[in-house]
Amino acid sequence: MGIGKGKTDYLLSLIREGKQMTLGQQLRLTAYLSVPAIMAQISSIAMQYIDASMVGSLGANAAASIGLVSTTTWLFWGVCAAAAMGFSVQVAHRIGAGDFVEAKKILRQAVTATLVFSSLLAVGGICISGMLPLWLGGDEAIWNDSSLYFRIFALFLPALQLNFLAGGMLRCSGNMRVPAMLNIMMCLLDVVFNFFLIFPTRHVEWFGVVFTAPGAGLGVKGAILGTVLAELVTAGGMMWYLCRRSPMLKFVGERGSFLPKRETLRKSFRISLPMGFEHMAICGAQIATTVVVAPLGIVAIAANSFAIIAESLCYMPGYGISEAATTLVGQSLGANRIRLLRRFANITVWSGMLIMGVMGALIYVAAPQIIGVMTPVEEIRTLGIEILRIEAFAEPMFAASIVAYGVFVGVGNTFVPSLMNFGSIWGVRLTLAAWLAPTMGLRGVWLAMCIELCFRGVIFLARLWGSNWIYKLRINR
């Protein structure tokens, strides 16, 4: 870890100091930042995979109760992530310019602003939790579990927010390893907590040895408690490292105000607001998709939920590379190195398309095993395998849109890309899903998703390879 960290720090210093970088150095730096970020993303979705697998063993109703509100939890996650990113991008620009003092000032303000925001969001989530399953059109048999799951999730949103903020700040400073390690720890903690909270006390056999495992037998409630407790522990560790150990951002021996300033908030809103609205629009469309899927029955809801989680294993590498792109592009912009910025944009986008293309092929082949782990119900497994294989064909172009979006976030250009995401998912995906679902069922919904993701990739590549946004950067600098 020490050697890799030293190489990463050295290569990032070349950006700040304005020194020339060879193509090999650019590729190595992209890899050094991407691999830990991909690990963190995969561990995050693995936690959902674990929850789904453990709860799926309890039956279709338990699985559907979580699947029904999954898109709404992603909505809240996305809004919290957008709030954190508005400050993280500013810190990346300051670090790229070598101004660590100002970077720390922005961090202090971010802690206060995001905690207030996430607390208000938590109150809103708790207030709507009772009616949410009804609004989503779920079967009455799963209302109570769905409502309780979402209420507990909302209660712990401030911890999730601190996790996003600390992880984003560390990644924008070039430290991908600590967030990756802590997210892997969170995944392991989730397994442990779930093991004791979901199931009742029972006899377990491991490697031929039978023993009695204590358990709370909380079912769906135990799944969300395991998740939020793991997030809480991880958020504490992430904030401790950020504030006490980070070479660029630690507060040790320094004093400063945590009161947000108008200019910092203004810049944060300019970056975060389009991202927040985009997340709301996309998740709103996903919720609308849930409403389309819900009347298809509990089997369709459960299969849809499992396939979404399984597909996430495929596109999480894209989001990891996107985070690396945001860091590389953000620091290059802060150092006023526009040509290097464009090189990193192209390297990260092509890397994402290649890796997610390979992942798509693996997901297609391994679909029976991936879905089979999450549910023993044959109807759910069969349908989940079919729809997951439809989606596998869209992964390279999905990667293009994910990583290109990370590039635009790195330069603080989020308005037009957010509109592109909004228009694509509402104008293409939902229209096609509404048209195909009555005749093709859940398969039609996922075919619509595949077509839309390919379209979205095309328009993001067109914008990335156009010259207008680069030209505006040169003018603004």
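Reading guide: rules and limits
Residues numbered from 1 in each chain as written. Predicted model: local features only at pLDDT ≥ 70, side-chain atom pairs only at ≥ 80, totals over all residues. Heavy atoms only, no water. Phe/Tyr/Trp six-rings, centres within 6.5 Å; stacked < 30°, edge-to-face > 60°. Buried < 20%, exposed > 50% of the residue type's maximum accessible area, 1.4 Å probe, protein only. Lys NZ or Arg CZ within 6 Å of the ring centre and 35° of its normal. UniProt positions renumbered as here; feature names shortened; annotations may be inferred. Helix = DSSP H or I, 4+ residues; strand = E, 2+ residues; numbered from the N terminus. Domains from an automatic or database assignment. Contact = heavy atoms within 4.5 Å. Buried area = accessible area lost by both parts, 1.4 Å probe.

### A short note on the packing of aromatic side chains
- In the structure shown here, the tally under the stated rule is 10 aromatic pairs.
- On the numbers, 5.8 Å between centres and 90 degrees between planes, the contact of Phe251 with Phe258 is edge-to-face.
- Residue Phe251 is classed as buried on the basis of its relative accessible area, which comes to 14%.
- Overall, the relative accessible area of 36% leaves Phe258 in the partly exposed class.
- Here a set of aromatic residues connected by ring pairs shows up, and it is made of Phe76, Trp77, Phe150 and Phe153.
- Across from the ring centre of Phe251, 4.7 Å away, lies the NZ or CZ of Arg108, which sits over that ring.
- Geometry around Phe408 places Arg463 over its ring, the cationic atom sitting 5.1 Å from the centre.

### Thoughts on the UniProt feature "transmembrane region" (unreviewed entry) in the chain
- Under the feature "transmembrane region" (unreviewed entry), the UniProt entry names residues 29–50, 62–89, 110–136, 148–166, 178–199, 219–242, 347–367 and 444–465.
- Annotated as 95% helix and 0% strand, the span residues 148–166 places its first and last C-alpha atoms 28 Å apart.
- Helix makes up 95% of residues 444–465 and strand 0%, with an end-to-end C-alpha separation of 32 Å.

### Some details on the domain arrangement of the chain
- Assigned domains within the chain: domain 1 (28–260) and domain 2 (278–476).
- Placing the centre of domain 1 and that of domain 2 at their C-alpha centroids yields a distance of 21 Å.
- Opposite the 44 residues of domain 1 that make contact, domain 2 presents 45 residues.
- Buried surface at the junction of domain 1 and domain 2, summed over both partners, amounts to about 3700 Å²; 75% is from carbon and sulfur atoms.

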